[in-house]
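# Structural features, examined
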Amino acid sequence: MILRLLTAVVLSILFGTSLLAQTASINGYIKDKNTGETLIGANIALIEINKGSSTNTLGYFTITNIPPGTYTLATSYIGYDTFQRQITLAAGDRITLEVELDPEVFQGEEIIVESEREQQEQKNIGIAQIDTDLIVSLPAVFQADVFRSIQLLPGVKAASDYSSGLYIRGGSPDQTLILLDRATVYNPTHFFGFFSTFNPDAIKDVRLYKGGYPSEYGGRLGSVLSIYNKDGNRNNNTGLVSLGLLSSRAFLEGPIKNGSFMLAARRSTIEPYLAVLRETTDGIPDGFYFLDFNGRLNYDLSTKDKFSVAFYSGGDYVDFPVFDQLVINLEYGNQTYNGTWTHIFSDRVFSNFVFTYSRYFNSPVFEFAETEFTQKNDIYDYSLKSDIEYILNDEHNIKFGAWLGGMTFRLVNTFDGETTFNQRLQSDYGALYVQDIWKPSQRWEINGGFRLNYFSSGNFLRGAPRLSADYFLTDRIRLQAAYGRYHQFLTLFSNEAFSGFDTWYIAADGVDPAWGDQFVLGAKTVPFEGYGFDVEVYYRSMNDLFELNPFIDDYAGLAYEEIFRFGDGYAYGTEFFFEKRMGRTTGFVGYTYSTTWRNFPEYNYPLLGDPQDSRDYPPKYDRTHDVNVVVTHPLSRKWTFIFNFNFATGQAYTTPSGRVEYSGNDIIGNELNSFTVQKLNATRLPNYRRADISFERNGTFFGMGDAQWQFQIINVFNTRNVWFYSYDFDDNPVDEVEVPLLPILPSITYTVKF
């Protein structure tokens, strides 16, 4: 296939000049008229010949091979008025346009129907897009959050009310590649994992590839979450201030000459509440705060050259007394920087070049009885990415590129001033990819590609074929299939209850990278105008998984490859998604049936059996059934009501079956006990249920700007959900005590836009 593509490219260069002279083309950008922000996934078409395109992630479109003539150029995007104009094209014309769309004030039924059908046709297999307005509006615990909104989608699991981690199609959070403006983010959480680091005010687009993703992405076994920040308003200076119980936010954007800027900041405001709790409750941090900053600067050198620089910096700082003699001090966070050059070589060739830098740091310090334990985990990651899109003809859209970079990993443990473990690994990495979107007919669309990955730590070279196919059975039914092989050169040791201790490890000599295959079948349908119903079935394998060996108490003196255990896993499931996007009442219902399994030698084997005869077991986050319902209904011009409900099978856990007492004490004076357990994760917590409601009131702030009140109730029925069980070993038999998740919880947020 690749040889055929290269041959076609050469022939098009040699003989395409005469063809280009006989036809015309249109390219350019589609933008929001009020802000100048480019729109991702907007539709543009020539009505008379039913020929069109949609904008890419940078808002760029191109339509080629247009016969000379006069046409009606129509542009549409959900939430915007349809734009139409007549355009006359002569042979050889190469026209560049900037189309500006007006946001809809009153949404007309006809416009919404047309936009919905076009959007439905763009739904590729495994992809979900989240409306940024919905992220801000959904009921959330204290704070609007990107990850909490994504957890409502089919195939995405939530570990608990206290975790914003993404468990997608049976994978752990480290199996999802998270990109912010194409730079990798390694720990995307704040407040012990309570919510994500992404400020919703600064976000322009959120796109989740749940599985079967194309060859332009790689480095993770499971999925990709790509987030783009706003460019900034190119027409007016605007801003926002939002005050909440947990955190407060500020946002500012505006034009500069030939460009725009955007700045966003967020800081925790929970400290006064923690101070009150410390007077009556034990185990409250003595000190805690988090903050993050986003910024972006854009400059247009010409209509063909655009430059931008962006940054993110965030961190958490905790001083936590666990009990009288044990205190934990912790700092962790992320920094990302990137510079982007977008260049249009011609109406057929679009390019994008990005330099990225990413840093993750984690530095817990444990002080017990004047003895200090420390750990320092750092990752420095810098890379250069290039993507070139070449529209060969109406049948072939070719994309190819490279991703080259270097990574430095460091992990240092100390005990009482003495270094007990010190590992520093440096690895260069690279990837080359090519893919072709081939449309052999009006009903078929095939995306074939190949990705070649290299990781110098261990000298690993891995190839990854990708293939997906779409068949348009009718204008309302789209059948899909996808296959891909994926590789992962990193793994994450994480504590679900507290993401601040997250530690990354990389592949090396003796530690092979993980790999897996994914198979996906899907159907996207439009059963009624303005409605959508999607079904996807998937199976994925996970091979050569590597993680810290939990049976090793002390890593001192061990070689790097000796601290891991190695195993395999697999997952499969079916996802259903029904949505309504027209009329006064909108929303969606999602249901997932799924299961995931792991197997590690010498782990979970029968009592008195062969340790090599290990049995499959479900990880804790496995949930067989998962249902989410989201409904939005405007009560009046000022008031809007939002409701969401979640039901999920209880998490897997291991039940103790007995205990054994020993004489003596451990190093902190506790009596020594051990217990025997039943099969690993063979028992389930009670099923999880939670309903949240939100009322929004829109108004003005003394006539100086728009304002909004959000009144929310989390867990409105005060359902007692179980987080985990704790066990009192002083009782015989052992006493099992429920540790609950969130009770009923009110929240108020006030936001002013100016």
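Below, the structure is looked at part by part. (Residues numbered from 1 in each chain as written. Predicted model: local features only at pLDDT ≥ 70, side-chain atom pairs only at ≥ 80, totals over all residues. Heavy atoms only, no water.)

### Some points on the overall build of the protein chain
- In terms of regular secondary structure, the protein chain is built from five helices and 47 strands.
- With 754 residues in all, the protein chain has 54% of them scored as buried.
- Contacts in the protein chain between residues at least 24 apart in sequence constitute 64% of all its contacts with a sequence separation of at least 6.
- Counting every atom, the protein chain has about 32,900 Å² of accessible surface; 58% of that belongs to carbon and sulfur. (Helix = DSSP H or I, 4+ residues; strand = E, 2+ residues; numbered from the N terminus. Buried < 20%, exposed > 50% of the residue type's maximum accessible area, 1.4 Å probe, protein only. Contact = heavy atoms within 4.5 Å. Areas by Shrake-Rupley, 256 points an atom, 1.4 Å probe, with all protein chains shown as cover.)

### A short note on the sheet that holds strand 5 (residues 69-76)
- Spatial ordering of the open sheet is given by 3-2-5-6, a layout of four strands whose pairing is antiparallel. Looking at strand neighbours, the two that pair on one side only are strand 3 (51-54) and strand 6 (83-89), the edges of this open sheet. On average, each strand axis in the sheet is tilted by 20° relative to the strand beside it, whichever way the strands run.
- Pairing geometry for strand 2 (residues 43-46) and strand 5, over four bridges, is antiparallel. Bridge assignment links alanine 45 to a residue of strand 5, and that residue is alanine 74. (Pairing = 2+ DSSP bridges. Axes fitted to C-alpha atoms, helices over the stretch in contact; angles between N-to-C directions.)

### Considerations on the sheet that holds strand 11 (residues 176-180)
- The strand order across the open sheet formed by five strands is 8-15-16-11-12, and the pairing between neighbours is mixed. Two strands bound the open sheet, and with one partner strand each, they are strand 8 (127-130) and strand 12 (183-184).
- The pairing of strand 15 (residues 203-209) with strand 16 (residues 223-229) spans six bridges and is antiparallel. When the sheet's bridge partners are listed, arginine 207 is paired in strand 16 with serine 226.

### A closer look at unusual backbone geometry
- For asparagine 65, which is not glycine, the phi torsion reads 55° and is therefore positive.
- Tracing the sequence through the fold places asparagine 65 in strand 4 (residues 60-66).
- Positive phi outside glycine occurs at arginine 182, with the angle close to 75°.
- Structurally, the position occupied by arginine 182 is in the loop between strand 11 and strand 12.

Interpretation note: all reported values are geometric properties and have no functional meaning in isolation.
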